[in-house]
Each structure stands twice: as structure tokens, then as C-alpha cells.
Amino acid sequence: MTSLVRARVWLLSCLLGGSVLSACDDTPKGTPDAGVEPGAWDGGATPLEEHGNWSDRGPYAPCSLREQGTPLRCDGLGLGSFDLSACDSDALALVPQEGIYQAGQRYESRLADGGTQVMFGVGIGFKLDGAGGGTLASRPFITRTTEGGTFFITSGSRTGTAVSRLYAGCQRPTPETLTGCYVTCNLAGTVSQSGTFEAHRMTWPVGEPESSGGLTLVSESRVLLGRPVDIYVTRNHAYVVSVSDSLTEQPGGLTVFDVTDKAHPVLKTSISLPGDNYWNGVWSKGDALYIASDVAGVIVYDISKPAEPVFVRGLWAGDYGVHTVLVEGDRLYATSNEGRTEIYDLTQPLEPVLLQSISLSEELSAGGPHDTFVYEGRLYISNAQGGYSIMDITRLDDVKHLGQYSYPDVYSHHSAVGTFAGRTIAFEGGEFAGSHLRVLDVTDPAHIIKIGEHRLRPVSSIHNMILKGTRLYIAWYQEGLRVLDVANPTQPRQVAHYNVFREEDATRTDSIFQGAFGIRLPGDGFLYVVESARGLLIFNEL
């Protein structure tokens, strides 16, 4: 059966109230060929050069660290340690005294041959509160001088009060951005990095409304357990999992909502297990709910009574647990934090049976498998610093590595794959500052080419995405919910958005991991998103 026919059967079954409940409750498996319509993309594409996440525009600001020495000690460094003579104090005087920022960092690293190499940091956040306090890299300020034309903040290490980060403002290119110089220190108290930064205030982009494209917020429901990060919707119930939050000291766990009335979800239960409450992923099949735990591995619950999950068993996956789970057909895919992808048989959903464990070399899997996607006999693994791996899993007794895609400063996080004009196209999203959406032609996994991309602010990051037909729905952290038309995958085009990030929300921090996390399209006419501070958000499906 072709993917197009499968999709039509799935839709017809749901519209007619078909008996295959799990099919209607899940995201359609396999995306129909989006290139069959008149005027659609014909499969032609010019390969794009891969330059990594960052485009080097030179130093972000005309300032520098005055002090020299090898090694250079951090104690004694202060505002006067920076040369700010070319900076704009009048502009700095206009910096608001509250707000949440994310900053990209640029520095130069010495090479063995005496030369230098430009490097970019993963990004650091800071939060100014109106009372004169705040945080830098999630640590309370030791120093804050942000008025009268001066901007200088410092914070300490997690092991003491010694200064470990210093940020000195220099210019304010726009009302939403701030540039300057920074220093980071190691545990020995010496300078490990110094360079320039560009910080973006994480309010809505200038001139952009709260929403566009017809997206409407139907309801909003708080989640009281930890930081909500993923969701699965089945049988008119939403299952939200949360990770424990050290900053708020809230344990994570599972929260269950009855969403029969989308405008008025009803909280049914919350579950949090002592010593095991960092739950990062969730999926379901039949009467079984599968939760990715960093302690127990995969936790299996019986949801034959949807509002009353009953613990069944845990599937041990090593000392560091499991990061994400995915169900495709009769198989469960779990990404072990020990660097493996475990595949289970789900012929009996409440009794998974381990079929295979996939491990790749350290070169290909550095950082471990972060998430997976399955499409037409291939397993796509987002391997953090290892890159994007494609595996042939048509025979589990003979799994083959077909190809790999990587790039400078890679952190491969999540993907979605479909067919366009006869070509197999992967939409790959990275994580951490500088990350963005890449469009890859993976028809020949041994020769993967980049054919498109979509960028928002350079300091934000994608979390999860769903591809349905020619629409790509993305939970893009502080950028909120973004909907792209990818009928021509070489030119993704935003057609709708909803800004869900608000600085004033309770529990909001300076972490880059804030905003929209999990996203589901269960086929009931609604779109479900979990947001780190606001909880469960339900929108109309476009």
C-alpha cells in the first residue's frame, strides 16, 4: 500500500469513527508524497554548502579584555579589566532593567601552530529583574551594575562564590539586542575563554504579533510537576511528562488531563516517583503508555482506564536510563543514555520484548542517541555531537549503517522524514544556540545533501517537530510554535505561528531550555503543545 493510500485510509477511518482506535489517536505514520500536485516541487535542488550553525560576522562588539597573561587569573578581574573606550554609554543607559536574554559567544582559540581559530559558544542566558537582582548562566549575580550607561554583570560557579563569568556591555544595536565582551573561568580560577557576545532579549520578535495564520489558543492548563517537556494524546486524554527542575526544586513525573472538552481540560491525576522523576519522553500503543525515564529506562503503564494509569513494569536500559521513546508499528524504539538504541517488539503492548540493541562507533554517536524517527525501513538517529545517522532496519539481525550527516558544532536533536517529488527528505533540527532547521535530501544515504534551511534568531533552538503532508509543525523553544509550508522543501515558508514564551510567567528562567517543548497532532482537529512554564496548550489544527 502506498504512503498516499495509507494516509487516506487513516483519515477515512478516523472520520467514520473506525475501529482501529490507536491509528486515529496517533500522528499519521508515513507522509504522503507531497510532490504529486500540479505546480509542486519537481525534485530539483542545488546543494547548499554546510558552514555549521554560526555565520562569522567578526567580533560582536568593539571591546576587549585588557589583562594579559598565561594563565590569566580571574580573581581581581572587574569592569576595569575591559577596554570599553569604543562603546556607546548613551545607548547602554537605555537598556531596560528587567528582561530575559540569550547570548551567543564568539572567541578565538589558539592552535598548535601558533594560529587562531574562531569558535562559538553554546550560548549563555541572563535574567534581569526589576529589583536589582537576577541570574547569569542560572547563577545569582555576584555583581550587577546596569544603570547610568554601564552594563556589567558577574556570577559564580556552582561550587562556590568565586566569579566564573563576567559580561561587560558595549553597544545596543537594536532595542532587543545587547553586545559586549565576556570572560569565563575554569575551576582552577583561570580564564578559559574571553571574547565578545551578542545577546537577544527573548520577547517576541519586533513587529511580530502574538499569532498569525489562524492559530488560536483554545485552552491552557498548568502542570504542577517539574518542567513539562513532552506529551502524548490518546483516547481523549493528554499524558504530559515532566523532568525534575533543580532551580524550582520541583520533581518531575506524569500529569494526565481529560481533554474530551478541548476548551476545558480536566486534571485527572499526577504521578511522581521518589528518586525516579526525570521523565523526558512519552508514547502509547493500545493499552500501554511508555515513558522515558533516566532511572528506570522505559516505564510501562496500563491505561486501559485512561484516567488511571497503573504501573506494569520497567524496561532496564542501563544505569543512566532512557532519553526518548518512539512507537512505529509493532516496535518501540528507546534511546538509551548509555549510547544505544533499543528496539522492542510490541505484539503484546503491555509486554515489550527486546529484539535488538543498536550501537554505533563513538565517532558517529558522540553524545549518544537523542531521538529517533522511522520511515520506510530506515531508522534515523539524532546523535547529538555525532550527527545524523541513517540505519537500514529491514532486517534486525543485519542492521546496516547507511550514511551520516554532520557539521561544525553539531548537536543533532530531532527530525521528521517524508517523500517529496519521489525524493526522501529529512527535516533535521539541532539544539543549543545557533541551531536551526536543515532540509536534507537523504534519498541516497551515502550521499546526503543539504537543500534548504530555515533560521530564526540565532540564540534560540528547536526541540520537537511533526511533519504532516506539506506542513511542518515545530516546537521552537522561546520562538514558540512555528508552522512551515514545506511543499517546496528547498524553501520552507512560515505560514503560521504562536508566540508562547512570556518573560513574566512564573518559573521562567534564563536557561535556553525554555518555551515550547513537546508537540502532537493526534488527528482530532487540534494541536497540542507543552510549554515549560505554561503547561498544556491546545490550539486549533490548521
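**Focus on the sheet that holds strand β32 (residues 437-441)**
Here's step 1: Judged by pairing direction, the sheet is antiparallel, and its four strands sit side by side in the order β30-β31-β32-β33 without closing on themselves. One side of each edge strand has no neighbouring strand; the edge strands of this open sheet are β30 (412-420) and β33 (449-454). Within the sheet, the average angular offset between the axes of one strand and its neighbour, ignoring direction, is 25°.
Here's step 2: Across eight bridges, β30 lies against strand β31 (residues 423-430) in antiparallel orientation. Each bridged residue has a counterpart across the sheet, and for Ala416 the counterpart in β31 is Phe427.

**Quick notes on the pattern of salt bridges**
Oppositely charged side chains may form a pair once their charged atoms are brought near each other.
Here's step 1: Here the structure, examined in full by the defined rule, presents 29 salt bridges.
Here's step 2: Arg227 serves as the salt-bridge partner of Asp245, at 3.9 Å between the closest nitrogen and oxygen. Of this pair, Asp245 sits in the loop between β15 (237-243) and β16 (253-258) while Arg227 sits in strand β14 (residues 227-234), placing them 18 residues apart in sequence. This pair shows no difference in class: Asp245 is buried, exactly as Arg227 is.
Here's step 3: For Asp441, the salt bridge is made with Arg423, and the minimal N-O distance between the two is 3.1 Å.

**What about the pairing of strand β23 (residues 331-336)?**
Here's step 1: The buried fraction of β23 amounts to five of the six residues, a majority that puts the element mostly inside the structure.
Here's step 2: Counting the residues that bridge the hairpin from strand β22 (residues 322-328) to β23 gives two residues, and of these Gly329 lies at a positive phi of roughly 60°.
Here's step 3: Here five bridges tie β23 to strand β24 (residues 340-345), and the two strands are oriented antiparallel to one another. Paired with Leu332 across the two strands is Tyr344, which belongs to β24.
Here's step 4: Where β23 folds back on β24, the antiparallel hairpin that results is connected by three residues, among which Gly339 adopts a positive phi of roughly 100°.

**Thoughts on the packing of aromatic side chains**
Here's step 1: Applying the stated rule across the entire model yields 18 aromatic pairs.
Here's step 2: Residues Tyr101 and Phe126 carry aromatic rings whose centres are separated by 4.8 Å and whose planes lie at 15° to one another, so their mutual orientation is stacked. You can see Tyr101 sitting in strand β3 (residues 99-110) and its partner Phe126 sitting in strand β5 (residues 124-128), a full 25 residues away along the chain.
Here's step 3: For Tyr101, a relative accessible area of 2% translates into the label buried.
Here's step 4: When its relative accessible area of 0% is taken as the criterion, Phe126 is described as buried.
Here's step 5: Pairing Tyr167 with Tyr182 gives two aromatic rings, centres 5.9 Å apart and planes at 45°, and the pair type is tilted. With a gap of 15 residues between them, Tyr167 in strand β9 (residues 163-171) and Tyr182 in strand β10 (residues 177-185) connect regions that are remote in the sequence.

**With respect to the state of the cysteines**
Here's step 1: Within this structure, the stated rule accounts for three disulfides.
Here's step 2: Disulfide partner of Cys63: Cys181, at an S-S distance of 2.2 Å. Between Cys63 and Cys181 the sulfur-sulfur dihedral comes to about 115°; the bridge is accordingly right-handed. Separated by 118 residues along the polypeptide, Cys63 in the loop between α2 (21-25) and β1 (64-65) and Cys181 in strand β10 bring together distant segments of the chain.
Here's step 3: With relative accessibility at 1%, the residue Cys181 sits in the buried group.
Here's step 4: Between Cys87 and Cys170 runs a disulfide, and the two sulfur atoms are separated by 2.0 Å. Here Cys87 and Cys170 share a disulfide; its torsion about the S-S bond, -100°, makes the bridge left-handed. In this pair, Cys87 is assigned in the loop between β2 (82-83) and α3 (89-92) and Cys170 in strand β9, connecting sequence segments 83 residues apart. By the burial criterion, Cys87 is buried, and Cys170 matches it.
Here's step 5: Cysteines bonded in the protein chain are numbered consecutively along the chain; their disulfide partners then correspond to 1-5, 2-6, 3-4.

**Looking at the environment of Asp392**
Here's step 1: In this fold, Asp392 is placed in strand β28 (residues 388-392).
Here's step 2: With twelve residues separating them along the chain, Asp392 and Tyr380 place their C-alpha atoms 9.1 Å apart.
Here's step 3: Excluding residues within four positions of it along the chain, Asp392 makes contact with Gly377, Asp398, Val399, Lys400 and Leu402.

**Description of the nonpolar core**
Here's step 1: Membership of the largest hydrophobic core comes to 56 residues, with the highest contact counts inside it found for Leu254, Ile291 and Leu332.
Here's step 2: Filtering out sequence-adjacent residues up to four positions away, Ile291 remains in contact with Val241, Leu254, Trp279, Gly281, Val282, Gly297, Val298, Ile299 and Tyr301.
Here's step 3: If you look at the next biggest cluster of nonpolar residues, it comprises 18 residues, including Tyr101, Tyr107, Phe151 and Ile153.

**What to know about the confidence of the model for the protein chain**
When pLDDT is low, close inspection of the predicted coordinates is not appropriate.
Here's step 1: The predicted model of the protein chain averages 91 in pLDDT, with 92% of residues at 70 or higher.
Here's step 2: For residues 1-25, every residue scores under 50 in pLDDT, and the model assigns this stretch 28 contacts once sequence neighbours within four places are set aside.

**Details of unusual backbone geometry**
Here's step 1: In this structure, Ser138 is a non-glycine residue whose phi angle is positive, near 70°.
Here's step 2: Tracing the backbone through its elements, the reader meets Ser138 in the loop between β6 (134-136) and β7 (139-145).
Here's step 3: On the accessibility criterion, Ser138 (17% relative accessible area) is buried.
Here's step 4: The backbone phi angle of Ala421 is positive, close to 50°, even though this residue is not glycine.
Here's step 5: Position of Ala421 relative to the elements: it lies in the loop between β30 and β31.

Definitions and limits used
Per-chain numbering applies: the sequence of each chain, read as written, is numbered from 1 onward. With the structure being a predicted model, the display of local features is reserved for residues of pLDDT at least 70 and the display and counting of side-chain atom pairs for 80 or more, all residues being used for whole-chain, interface and lining totals. Here the side-chain values reflect all heavy atoms present in the structure, with hydrogen atoms and water set aside. Here, a strand pair is defined by DSSP locating no fewer than two bridges between the strands. Numbering of helices and strands starts at the N terminus; helices are DSSP runs of H or I of at least 4 residues and strands are runs of E of at least 2. Here the axes come from fitting lines to C-alpha atoms, over the contacting stretch only for helices, and the angles between their N-to-C directions go from 0 to 180 degrees. Any Lys or Arg side-chain nitrogen located within 4 Å of an Asp or Glu carboxyl oxygen qualifies as a salt bridge. Throughout, exposure labels follow a simple rule: accessible area from a 1.4 Å probe, protein chains only, divided by the maximum for the residue type, with under 20% read as buried, over 50% as exposed, and the rest as partly exposed. Each pair of aromatic rings taken from Phe, Tyr and Trp, with Trp reduced to its six-membered ring, is defined by centres within 6.5 Å and is described as stacked if the planes are under 30 degrees apart, edge-to-face if over 60, and tilted in the remaining cases. Here, two cysteine sulfur atoms that lie within 2.5 Å of each other are counted as a disulfide. The criterion used for residue contact is that any of the two residues' heavy atoms lie within 4.5 Å. Residue types Ala, Val, Leu, Ile, Met, Phe, Trp, Tyr and Cys, when buried and joined through side-chain atoms within 4.5 Å, form a set referred to as a nonpolar core. Values of pLDDT, which run from 0 to 100, indicate the predictor's confidence residue by residue.

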